[in-house]
Amino acid sequence: MILTIPDHRHLLILTAVAHWLAVSLYLSASGFFFHGLRSGKTKSLKIGFWLTAAGMLPHTLALGARWLAVGHGPYLQKDESLSVLAYGTIGMFLLFSAKSARLRGIGTVLLPGVLIFMTAQLFLPAEAGIRPPATFNGIWFAIHVTSIIPAMGAFFIAISSSILYLWQEKRPPSGKLPSLPVLDACNYKYAGFAFILWGIMIVAGAAWAEQSWGSYWSWDPIENWSLITWLLLGLLLHLRRFHGWQGKKAAWLMVACFSISILTLFFLPVLTGSIHKEYLL
Amino acid sequence: MKRLTRFLLSPFTIITLITAMGAASLMGTFIPQSVDKTPRFLAAWHAANPLLYTVVKRLQLDRIYTSVWFLALIATITCSLSCSLYYQIRRALNAGKSTTDHRPVSQSTNLSCHAAISENTLKRIMRGRGYHHSAAGSSHNHWIFSKNRAGLWGGVVFHLGLLCILLAGLWNASLRQRGLAILTVGETFAGQADRWASTRTGILAKPFKPKFTTRLDKFQPRYWPNGQVKNLHGKVTIVERDGKNTFIPIAVNHPGNINGIKLFLSGDYGYALDLLLNSNSAHPILSHILLTTPARRNDAVAYDMTIPTTTYRLHINFHYNRGKATMLLASPSVGLTVNVSRVPPLNAILLPGQSIVLPLGDTLTFNRVSYWTGIIFAKSYGIPLLYAGFGLCITGAFLMYMLPVKVAYIQIGAARPDQQKETERLQQISISGRTRRYQPLFSQELQEIAAELQKTAPT
């Protein structure tokens, strides 16, 4: 995590301190969410919500300090990408759960997932002084790398709803959690949201490619798998609309969509030759 | 015709088509595609898997995205989308007209609360939640409120966008012309077929021959302090058939445009060396050597070659700036090791313009060094349609999933006869609603409306 650029040493130390402060607050929030879910106490869920919101402050500081230190946005190296994806996910969760307090229990699944992202940074090599390649400029590039952040946020909320649905389905109704139909509707709504944002990411990427290489679609493996993820989301939405796929089946399909999105973003670039290879994990 | 329409519109067909598209993309990842792989790789793959190769070749799986079956799939999706769009437009128009009808409520939530509430208060509360009153549907005790009416058109807009993308894709796949030419600074390219490094054209496209000549006047890479490439800039002169000259700057992400043909810097570049061999017994031989870029800016680039029609074997170590390595010279230089049979190797360092006498009496001159780069010439079709499709697709998806249409029906029952004053009357209020998406969330919203009505009303 700590890079060694002498001129920006202080900023990078600040980044590391703020990062781990944010992780501690998110970890505490997870505990409260879990307690709230087990006991049915809304006060615990409320504390969890406010701790998560408090964690966003050092997280913002960490991202900002790092931006200043390395001279580019958090889109170039693997560790900073993970951090900004976690940031976007938490931001979206706060927006989502501020409106409907009953749905804060979703944080029980969502926050540990985000913490995995933030802790994974520890195990990734961080190289000092990496600079953006020549193609990394323009409005389409900015939209391309920005839209993935809320897209992953929407994916995380949808998958968290699905996992809670599958977990709760096997238990007698306790009244502590949101009802099954509400969780199912959350899954549907955020799958739709992820569909839009993932679509924007693909579209902006295609426009950027057209601007850079004169070809908006090259059937590159990462492009293909992004398309597959988007088609799978489209399939999920069509199955819900036409075939009445709801509840358990829809939740499992969401799990598949999420797994493929993670595979596309983090693992395929390592396994296949791709023009995205040098930019992704 | 009706059967065909029914087939194209059936949910089963739509889901099968989406799945087939996904499967095609999946196969394209795992099966080596001939456009991405070198002939050597394909030959080795053929030798290793002869049976699989035959099947792949027969089914055109080695060029999935230009195969007959993939184009048939795209054509079927286009037909299905067109039919679906026609019926969606009809349905949206009908739904638009029937906002105020009293059709049975398909997705309904019936709630009751007791409140004495005036029409104005009711309208104010609903307006605060973003609902609009449908005046024509009102009777003295029955109101219809709707929200996100634009959402009715979400499906139409989204599918229209998809159709635009597919049509633009088909158009482009049929007629596009694309070619890569390697040019050294000062070199001219007139689009001759044998000078393309590679070309890719659409199924119905003619061979690519731009109607102008291109000369690369300037090329300059710029670097970050750590030696990474920061940007690539170039300048080309376009000479049209009528003799008109146009100077165009090109850079990465900033292509030049001439008569609808875009010129992109490919991102590949390196050093081009000219070595001239003057022999006493034959004509001079010019070797034009293209070196790839070193991993780091000041690293040496090594290259081995035999000068054509001679026995001289050269090992070249090119330094763009030898000053970094030796502290002596600060200009491009060639470190040469010349081998000829039965003669000890000759070592030398040459600057541009310098010569050495070789063991057999010939003279080798390092004539000049310049940059070479790849320029992509691309003529695409349907790009505005494609961008319009992108825009429509995103707008439609937003309307569908973020702004689903909601219709709330509120009925106020008669007050009990024992209550005389109008303000004190407690009325039975029934709230029901209809929406296509997120019914449980809508149901919660209706409950909140009921609670708000009850809270607002005097008790």
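Now for a look at the structure at hand. (Residues numbered from 1 in each chain as written. Chains lettered and ligands numbered in written order. Predicted model: local features only at pLDDT ≥ 70, side-chain atom pairs only at ≥ 80, totals over all residues. Heavy atoms only, no water.)

Applying the stated criterion to the full structure yields 12 salt bridges over all chains. Note that Arg129 of chain B is salt-bridged to Glu448 of chain B, the shortest N-O span being 3.7 Å. In this pair, Arg129 of chain B sits in the loop between helix H6 (119-128) and strand E2 (132-133) while Glu448 of chain B sits in helix H10 (residues 439-456), placing the two residues 319 residues apart along the sequence. Since its relative accessible area comes to 43%, Glu448 of chain B is described here as partly exposed. Across the salt bridge formed by Lys147 of chain B and Glu445 of chain B, the nearest N and O atoms sit 3.5 Å from each other. In this pair, Lys147 of chain B is assigned in strand E3 (residues 142-147) and Glu445 of chain B in helix H10, connecting sequence segments 298 residues apart. One exposure class covers both Lys147 of chain B and Glu445 of chain B, and it is buried. Taken together, the shared-partner salt bridges in this structure form one network comprising Arg66, Asp79 and Glu80 of chain A. (Salt bridge = Lys/Arg side-chain N within 4 Å of Asp/Glu carboxyl O. Helix = DSSP H or I, 4+ residues; strand = E, 2+ residues; numbered from the N terminus. Buried < 20%, exposed > 50% of the residue type's maximum accessible area, 1.4 Å probe, protein only.)

Taken together, the contact between chain B and chain A spans 54 residues of the former and 48 residues of the latter. Between chain B and chain A the total buried area reaches about 4500 Å² when both faces are included, carbon and sulfur atoms providing 68% of it. Counting every contact that joins chain B to chain A gives 1 salt bridge. Among the ionic pairs, Lys262 of chain B bridges to Glu210 of chain A, the shortest N-O distance being 3.8 Å. Taken together, the connections running from chain B to chain A amount to 13 residue pairs in polar contact (both at pLDDT 80 or more). Broken down by secondary-structure element, the contributors of at least two residues to the side of chain B that touches chain A are helix H2 (11-30), helix H5 (68-97), helix H7 (154-175), strand E8 (229-240), strand E11 (261-278), strand E18 (363-379), helix H9 (383-402) and H10 of chain B. Top contributing element to the side of chain B that touches chain A by residue count: H2 of chain B, with 13 residues. Among the residues making up the side of chain B that touches chain A, the classes are represented as 33 nonpolar, 15 polar and 6 charged. (Contact = heavy atoms within 4.5 Å. Buried area = accessible area lost by both parts, 1.4 Å probe. Polar contact = N/O pair within 3.5 Å; in protein donor to acceptor, adjacent residues only side chain to side chain. Nonpolar A, V, L, I, M, F, W, Y, C, P; charged D, E, K, R; others polar.)

Moving on, we get to the packing of H7 of chain B against H9 of chain B. When two helices pack together, their arrangement is given by the angle between the helix axes and the distance between those axes. Residue and element names in this part refer to chain B. H9 packs onto H7 with a crossing angle of 155° between their chain directions and a minimal axis gap of 7 Å. By the criterion of interaxial angle, the relationship of H7 to H9 is roughly antiparallel. Once H7 is placed against H9, the crossing between them reads as left-handed. On H9, the residues touching Gly154, Gly155, Val157, Phe158, Leu160, Gly161, Leu162, Cys164, Ile165, Leu167, Ala168 and Trp171 of H7 are Leu385, Leu386, Gly389, Phe390, Leu392, Cys393, Thr395, Gly396, Ala397, Leu399 and Met400. (Axes fitted to C-alpha atoms, helices over the stretch in contact; angles between N-to-C directions. Parallel < 35°, antiparallel > 145°, perpendicular 65-115°, else oblique. Left-handed = near helix turned anticlockwise from the far one by under 90°.)

Before going further, it helps to spend a moment on the layout of surface pockets. In this model, the second largest pocket occupies a volume close to 880 Å³. Lining the second largest pocket are 28 residues, with Lys99, Ser100 and Lys189 of chain A together with Lys406 and Leu441 of chain B sitting closest to its centre. Of all the secondary structure elements, the ones that give two or more residues to the lining of the second largest pocket are helix H3 (78-99) and helix H6 (180-213) of chain A together with H9 and H10 of chain B. Looking at which element gives the most residues to the lining of the second largest pocket, the answer is H10 of chain B, with 5 residues. Class assignment of the residues belonging to the lining of the second largest pocket gives a composition of 15 nonpolar, 4 polar and 9 charged. (1 Å grid on protein atoms, 1.4 Å probe; cavity = no way out; pocket = protein on both sides within 12 Å on 5 of 7 lines; lining within 4 Å. Points joined across faces, edges and corners; volume = space filled by probe spheres on them.)

What follows concerns the pairing of E18 of chain B. Residues and elements named next belong to chain B. Burial within E18 is extensive, with 12 of its 17 residues counted as buried. Two elements, strand E4 (residues 177-184) and E18, share 8 bridges in a ladder whose sense is antiparallel. When the bridges of E18 are listed, Ala181 appears paired with Ile375. Pairing of E11 with E18, which is carried by 14 bridges, proceeds in the antiparallel orientation. When the bridges of E18 are listed, Ala272 appears paired with Ser370. Two elements, strand E17 (residues 355-357) and E18, share 3 bridges in a ladder whose sense is antiparallel. Across the sheet, the residue bridging to Val357 is Thr363, located in E18. (Pairing = 2+ DSSP bridges.)

On their own, these measurements won't tell you what the molecule is for.
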